Amino acid sequence: MEFINLKTPLNTNDFEVGQKFLFGPISLSEQEIIEFAKINDPLPFHIDTNVAQKSVFKSLVASGSQLFTVFYKNQVIPIIGHTIIAGLEINNWKFLLPVFPNQPYIPSLTITYIKFNTIKKHAAVKWFYEFKSAKYELVQSLEITSLHKIS
(Lines give C-alpha, C1' and ligand atoms only; values in the text may rest on other atoms or scores of the structure.)
Protein backbone atom coordinates (compact mmCIF):
# COMPACT_ATOMS: atom_id res chain seq x y z
CA MET A 1 0.00 0.00 0.00
CA GLU A 2 1.36 3.39 -1.00
CA PHE A 3 1.19 6.34 1.40
CA ILE A 4 1.24 9.77 -0.18
CA ASN A 5 1.02 13.21 1.38
CA LEU A 6 -0.99 15.19 -1.11
CA LYS A 7 0.02 18.72 -1.92
CA THR A 8 -0.78 18.99 -5.65
CA PRO A 9 -3.76 17.99 -7.80
CA LEU A 10 -3.86 14.44 -9.15
CA ASN A 11 -5.11 13.16 -12.48
CA THR A 12 -7.30 10.09 -12.73
CA ASN A 13 -4.62 8.34 -14.81
CA ASP A 14 -2.41 8.44 -11.68
CA PHE A 15 -4.94 6.47 -9.58
CA GLU A 16 -4.12 2.90 -8.54
CA VAL A 17 -6.05 0.43 -6.42
CA GLY A 18 -4.48 0.29 -2.97
CA GLN A 19 -3.14 3.84 -2.95
CA LYS A 20 -3.62 5.41 0.46
CA PHE A 21 -3.53 9.18 0.69
CA LEU A 22 -2.74 10.68 4.09
CA PHE A 23 -3.77 14.19 5.05
CA GLY A 24 -2.85 16.50 7.89
CA PRO A 25 -5.14 16.63 10.92
CA ILE A 26 -8.32 18.67 10.92
CA SER A 27 -10.32 19.99 13.84
CA LEU A 28 -13.61 21.79 14.33
CA SER A 29 -14.11 24.68 16.72
CA GLU A 30 -17.20 24.97 18.92
CA GLN A 31 -18.38 27.86 16.76
CA GLU A 32 -17.96 25.84 13.55
CA ILE A 33 -19.90 22.94 15.06
CA ILE A 34 -22.73 25.22 16.18
CA GLU A 35 -22.95 27.10 12.86
CA PHE A 36 -22.98 23.90 10.79
CA ALA A 37 -25.58 22.27 13.05
CA LYS A 38 -27.91 25.28 13.02
CA ILE A 39 -28.23 24.86 9.26
CA ASN A 40 -27.90 21.10 8.83
CA ASP A 41 -28.65 19.25 12.08
CA PRO A 42 -30.14 21.51 14.77
CA LEU A 43 -30.20 18.99 17.61
CA PRO A 44 -29.60 20.52 21.06
CA PHE A 45 -26.33 18.66 21.74
CA HIS A 46 -24.91 20.19 18.53
CA ILE A 47 -25.96 23.80 19.12
CA ASP A 48 -26.24 24.41 22.88
CA THR A 49 -23.19 23.83 25.09
CA ASN A 50 -25.28 23.73 28.30
CA VAL A 51 -27.61 21.06 26.93
CA ALA A 52 -24.63 19.18 25.44
CA GLN A 53 -22.88 19.01 28.83
CA LYS A 54 -25.94 17.19 30.22
CA SER A 55 -26.13 14.80 27.26
CA VAL A 56 -24.61 11.35 26.95
CA PHE A 57 -21.59 13.03 25.28
CA LYS A 58 -20.94 15.44 28.19
CA SER A 59 -19.83 17.99 25.59
CA LEU A 60 -20.82 19.66 22.39
CA VAL A 61 -20.31 17.24 19.48
CA ALA A 62 -20.28 17.71 15.72
CA SER A 63 -23.05 16.55 13.46
CA GLY A 64 -22.17 13.18 11.94
CA SER A 65 -21.60 14.52 8.44
CA GLN A 66 -19.61 17.63 9.40
CA LEU A 67 -16.13 16.10 9.66
CA PHE A 68 -16.44 14.55 6.21
CA THR A 69 -18.03 17.66 4.71
CA VAL A 70 -15.25 19.97 5.92
CA PHE A 71 -12.53 17.54 4.84
CA TYR A 72 -14.07 16.98 1.42
CA LYS A 73 -14.53 20.68 0.73
CA ASN A 74 -11.17 21.87 2.02
CA GLN A 75 -8.79 19.02 1.20
CA VAL A 76 -10.31 16.58 -1.31
CA ILE A 77 -11.84 19.01 -3.82
CA PRO A 78 -8.57 20.96 -4.29
CA ILE A 79 -6.75 17.73 -5.18
CA ILE A 80 -9.24 15.67 -7.23
CA GLY A 81 -12.21 18.00 -7.75
CA HIS A 82 -11.10 18.87 -11.28
CA THR A 83 -11.51 15.17 -12.25
CA ILE A 84 -14.96 14.55 -10.75
CA ILE A 85 -17.90 14.16 -13.12
CA ALA A 86 -20.47 12.92 -10.59
CA GLY A 87 -20.95 11.07 -7.35
CA LEU A 88 -22.46 7.62 -7.82
CA GLU A 89 -23.05 6.29 -4.31
CA ILE A 90 -22.23 6.49 -0.63
CA ASN A 91 -22.09 3.26 1.36
CA ASN A 92 -21.36 2.05 4.87
CA TRP A 93 -21.08 5.46 6.53
CA LYS A 94 -20.18 4.62 10.11
CA PHE A 95 -20.16 7.08 13.00
CA LEU A 96 -18.12 5.12 15.54
CA LEU A 97 -17.06 7.81 18.01
CA PRO A 98 -18.25 11.37 18.62
CA VAL A 99 -16.38 14.29 17.11
CA PHE A 100 -15.51 16.81 19.82
CA PRO A 101 -14.51 20.44 19.33
CA ASN A 102 -10.86 21.44 19.10
CA GLN A 103 -9.62 17.86 18.79
CA PRO A 104 -7.41 16.72 15.90
CA TYR A 105 -8.78 14.10 13.53
CA ILE A 106 -6.58 12.41 10.95
CA PRO A 107 -8.22 11.74 7.58
CA SER A 108 -7.09 9.27 4.93
CA LEU A 109 -8.39 8.14 1.56
CA THR A 110 -7.79 4.74 -0.01
CA ILE A 111 -8.67 3.71 -3.54
CA THR A 112 -10.33 0.30 -3.29
CA TYR A 113 -11.66 -0.11 -6.84
CA ILE A 114 -11.22 1.43 -10.28
CA LYS A 115 -12.93 0.60 -13.55
CA PHE A 116 -11.59 2.58 -16.49
CA ASN A 117 -13.76 3.16 -19.57
CA THR A 118 -11.37 4.49 -22.20
CA ILE A 119 -14.11 4.82 -24.83
CA LYS A 120 -16.21 7.16 -22.66
CA LYS A 121 -13.07 8.66 -21.09
CA HIS A 122 -14.10 8.15 -17.50
CA ALA A 123 -13.40 5.87 -14.57
CA ALA A 124 -15.55 4.70 -11.68
CA VAL A 125 -13.46 4.98 -8.51
CA LYS A 126 -14.40 3.67 -5.06
CA TRP A 127 -12.84 5.69 -2.26
CA PHE A 128 -12.63 4.52 1.35
CA TYR A 129 -12.52 7.45 3.78
CA GLU A 130 -11.27 7.06 7.35
CA PHE A 131 -11.04 9.57 10.17
CA LYS A 132 -8.98 8.64 13.21
CA SER A 133 -8.46 10.37 16.54
CA ALA A 134 -5.05 11.55 17.75
CA LYS A 135 -4.91 8.16 19.54
CA TYR A 136 -5.52 6.47 16.14
CA GLU A 137 -8.98 5.25 17.15
CA LEU A 138 -11.32 4.93 14.17
CA VAL A 139 -13.91 7.69 14.55
CA GLN A 140 -15.70 7.56 11.21
CA SER A 141 -15.51 5.72 7.90
CA LEU A 142 -17.42 5.63 4.62
CA GLU A 143 -17.17 4.51 1.02
CA ILE A 144 -17.90 6.80 -1.90
CA THR A 145 -17.94 5.79 -5.54
CA SER A 146 -17.53 8.64 -8.00
CA LEU A 147 -17.10 9.05 -11.71
CA HIS A 148 -13.89 10.75 -12.81
CA LYS A 149 -12.85 12.01 -16.23
CA ILE A 150 -9.68 10.58 -17.73
CA SER A 151 -7.43 12.17 -20.34
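Because the structure is a prediction, the values reported are computed rather than measured.

A. Region of the structure containing the overall build of the protein. Secondary structure summary: the protein contains 4 helices and 6 strands in total. Secondary structure of the protein in N-to-C order comes out as β-β-α-α-α-α-β-β-β-β. On the principal axes, the C-alpha backbone points of the protein span a range of 55 × 30 × 25 Å. Buried residues in the protein amount to 38% of all 151 residues. In the protein, the proportion of contacts linking residues at least 24 apart, taken out of those at least 6 apart, comes to 66%. Looking at the protein as shown, the accessible area adds up to about 8500 Å², and 55% of this sits on carbon and sulfur atoms. Distance between charge centres in the protein, computed from 14 positive and 12 negative side chains, equals 4 Å.

B. Local environment of the packing of aromatic side chains. A complete count under the given rule lists 10 aromatic pairs for this structure. Ring centres of Phe68 and Trp93 lie 5.5 Å apart, and the angle between their planes is 75°; this geometry places the pair in the edge-to-face category. Within this pair, whereas Phe68 is found in helix α4 (residues 66-80), its partner Trp93 is found in strand β3 (residues 84-95), the two being separated by 25 residues in sequence. Overall, Phe68 belongs to the buried group, its relative accessible area being 9%. Among the aromatic residues, those joined into a ring-pair cluster are Phe23, Phe68, Phe71, Tyr72, Trp93, Phe95, Tyr129 and Phe131.

C. Broad picture of the nonpolar core. Core analysis: the largest hydrophobic core is formed by 31 residues, its most contacted members being Phe15, Trp127, Tyr129 and Phe131. Contributions of two or more residues to this core are made by α1 (30-40), α4, β4 (105-117), β5 (122-133) and β6 (138-149). In terms of residue count, α4 provides more of this core than any other element does, 6 residues in total. Leaving out residues up to four positions away in the same chain, Phe15 has contacts with Leu10, Ile80, Thr83, Ile111, Ile114, Phe116, Val125, Trp127 and His148.

D. Main features of unusual backbone geometry. Even without a glycine there, the phi angle at Lys58 is positive, about 60°. Structurally, the position occupied by Lys58 is in the loop between α3 (49-53) and α4. By relative accessible area, Lys58 is classed as exposed at 58%.

E. Up close: the environment of Thr118. Tracing the backbone through its elements, the reader meets Thr118 in the loop between β4 and β5. In this structure the C-alpha to C-alpha distance between Thr118 and Ile150, which are 32 residues apart in sequence, comes to 7.7 Å.

F. Spotlight on the pattern of salt bridges. With the rule as written, the count across this model stands at 1 salt bridge. In this structure, Lys20 engages Glu130 in a salt bridge whose closest nitrogen and oxygen atoms are separated by 3.6 Å. Of the two residues, Lys20 sits in strand β2 (residues 19-22) while Glu130 sits in strand β5, which places them 110 residues apart along the sequence. Using a relative accessible area of 13% as the deciding quantity, one classes Glu130 as buried.

What counts and what doesn't
Residues numbered from 1 in each chain as written. Predicted model: local features only at pLDDT ≥ 70, side-chain atom pairs only at ≥ 80, totals over all residues. Heavy atoms only, no water. Helix = DSSP H or I, 4+ residues; strand = E, 2+ residues; numbered from the N terminus. Buried < 20%, exposed > 50% of the residue type's maximum accessible area, 1.4 Å probe, protein only. Contact = heavy atoms within 4.5 Å. Areas by Shrake-Rupley, 256 points an atom, 1.4 Å probe, with all protein chains shown as cover. Lys, Arg positive; Asp, Glu negative; His and termini not counted. Charge placed at Lys NZ, Arg CZ, Asp CG, Glu CD. Phe/Tyr/Trp six-rings, centres within 6.5 Å; stacked < 30°, edge-to-face > 60°. Core = buried A, V, L, I, M, F, W, Y, C linked by side-chain atoms within 4.5 Å. Salt bridge = Lys/Arg side-chain N within 4 Å of Asp/Glu carboxyl O.

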